[in-house]
Amino acid sequence: MVNISSQVVDLVKEELSLDQGSLVLSADVRTGLVLVDIINGFCTVGAGNMAPTEPNIQISKMVVESVKLARVFCEKKWPILAFLDTHHPDKPEHPYPPHCLIGTDEANLVPSLQWLENESNVTIRRKACIDGFLGSIKEDGSNVFIDWVKTNNIEVILVVGICTDICVFDFVASALSARNLGLLAPLKDVVVYSNGCATYDFPVQVARTIKGGVAHPQELMHHFGLYMANGRGAKVVNEVSLGPIKEP
């Protein structure tokens with residue numbers, strides 16, 4: 001029997017097609033890697049209210065691809081900025097249930113990325129809101145993300161993480177607006193790696209059984225997030241490779 005939801009996803013992808021390219025990493029173009037919320041509370045099975053309840057292929061693939069990229073960037077000593085969703089218990093984030101509370105393991109990097117905390121090229125920013133750009137604003141009015149781009153003379157940012165249509169998209173949209181306003185020079189391009197992104201799954205069939213439940217079909221919302229990011233001006237790629245390294 002054909003799954004109706006799969007038919008809908010295929011139809012949407014056909015009607016709202018997304019032309020994905022590739023990105024070749026090179027020392028000639030100063031590129032920074034942005035990791036969005038690759039933490040236990042969103043990625044590790046059973047870790048909290050917003051974590052998957054069972055192994056999820058899309059999320060697992062996102063983590064694997066993000067780890068691969070993080071290792072390349074650390075080997076080359078290229079800049080990495082990691083956002084970690086971290087909330088105070090007295091400041092809930094409507095409409096979501098309590099999650100990733102400060103001081104809990106939910107708000108920490110997944111085990112396969114915890115080594116990043118000891119790398120000199122990595123900047124870690126805990127944020128208390130969906131949008132990493134807004135979450136980068138410090139009490140003195142400065143912005144960690146803007147400073148990171150300028151200090152490292154970043155021309156391109158490569159974005160991976162979770163959720164494609166929520167935290168990833170909100171950050172990408174804000175970064176593009178800031179770039180267009182001239183706040184992020186020398187940044188030129190915002191690139192989203194589709195295989196390095198994921199979102200959560202809350203099927204329609206399950207949502208209908210819960211009062212007030214809002215469906216969130218994973219594959220469909222993942223596509224929407226990428227499609228909207230592309231519409232805002234981001235470059236969406238499904239392949240990232242390392243170009244030839246020139247001899248000194």
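Just so we're clear, the structure is a prediction, and the values are computed from it rather than from any experiment. (Residues numbered from 1 in each chain as written. Predicted model: local features only at pLDDT ≥ 70, side-chain atom pairs only at ≥ 80, totals over all residues. Heavy atoms only, no water.)

Visitor: Tell me about the overall build of the chain, and please be specific about residues and values.
Guide: Each helix and strand in the chain was counted, giving eight helices and seven strands. Evaluated residue by residue, the chain yields a buried proportion of 47% over its 248 residues. In the chain, the share of contacts with a sequence separation of at least 24, taken over all contacts with a separation of at least 6, comes to 75%. (Helix = DSSP H or I, 4+ residues; strand = E, 2+ residues; numbered from the N terminus. Buried < 20%, exposed > 50% of the residue type's maximum accessible area, 1.4 Å probe, protein only. Contact = heavy atoms within 4.5 Å.)

Visitor: How would you sum up unusual backbone geometry? Please name residues and give values.
Guide: Residue cysteine 163 is bonded to the preceding isoleucine 162 through a cis peptide linkage, with omega at 0°. Mapping cysteine 163 onto the fold places it in the loop between strand 5 (156-162) and helix 6 (164-180). The omega torsion of the bond from alanine 185 to proline 186 falls at 15°, within 30 degrees of zero and hence cis. With respect to the element layout, proline 186 can be found in the loop between helix 6 and strand 6 (189-198).

Visitor: Tell me about the environment of glycine 21, and please be specific about residues and values.
Guide: Topologically, glycine 21 is positioned in strand 1 (residues 21-25). Spatially, the C-alpha atom of glycine 21 lies 29 Å from that of proline 55, the residues being 34 residues apart in sequence. Apart from the residues within four sequence positions on either side, glycine 21 is in contact with Val236, Val237, Asn238 and Glu239.

Visitor: I'd love a proper account of the sheet that holds strand 5, names of residues and values included.
Guide: The pairing of strands in a sheet comes from backbone hydrogen bonds and takes either a parallel or an antiparallel form. Taken in spatial order, the seven strands line up as 1-7-6-5-2-3-4 in an open sheet, and their pairing is parallel. A single partner strand is all that each edge strand has here, and the edge strands are strand 1 and strand 4 (122-127). Adjacent strand axes in the sheet meet at a mean angle of 35° when their direction is disregarded. On top of the sheet, helix 3 (residues 57-75) reaches strand 1, strand 2 (31-36), strand 3 (80-85), strand 4, strand 5, strand 6 and strand 7 (235-242); it is set at about 130° to strand 6, its chief contact. The strands touched by helix 8 (residues 218-232) within the sheet are strand 6 and strand 7, with strand 6 carrying the most contacts at an inclination of about 175°. (Pairing = 2+ DSSP bridges. Axes fitted to C-alpha atoms, helices over the stretch in contact; angles between N-to-C directions.)

Visitor: Tell me what's going on with the UniProt feature "domain: Isochorismatase-like" (unreviewed entry) in the chain, and back it up with residues and numbers.
Guide: Under the present numbering, the feature "domain: Isochorismatase-like" (unreviewed entry) in UniProt falls on residues 32-201. For residues 32-201, helix accounts for 31% and strand for 20%, while the C-alpha atoms at its two ends are 29 Å apart. (UniProt positions renumbered as here; feature names shortened; annotations may be inferred.)

Visitor: Explain helix 6 to me, and be specific about the residues and the numbers.
Guide: Because an α-helix completes one turn every 3.6 residues, residues spaced three or four positions apart along the sequence face the same direction. The largest bend in helix 6 comes to about 25°, at aspartate 170. Among the 17 residues that make up helix 6, 13 are buried, leaving the element largely enclosed by the rest of the structure. Once helix 6 ends, the next one or two residues include glycine 182, with phi positive near 85°. (Bend = angle between axes of the 7 residues up to and from the residue.)

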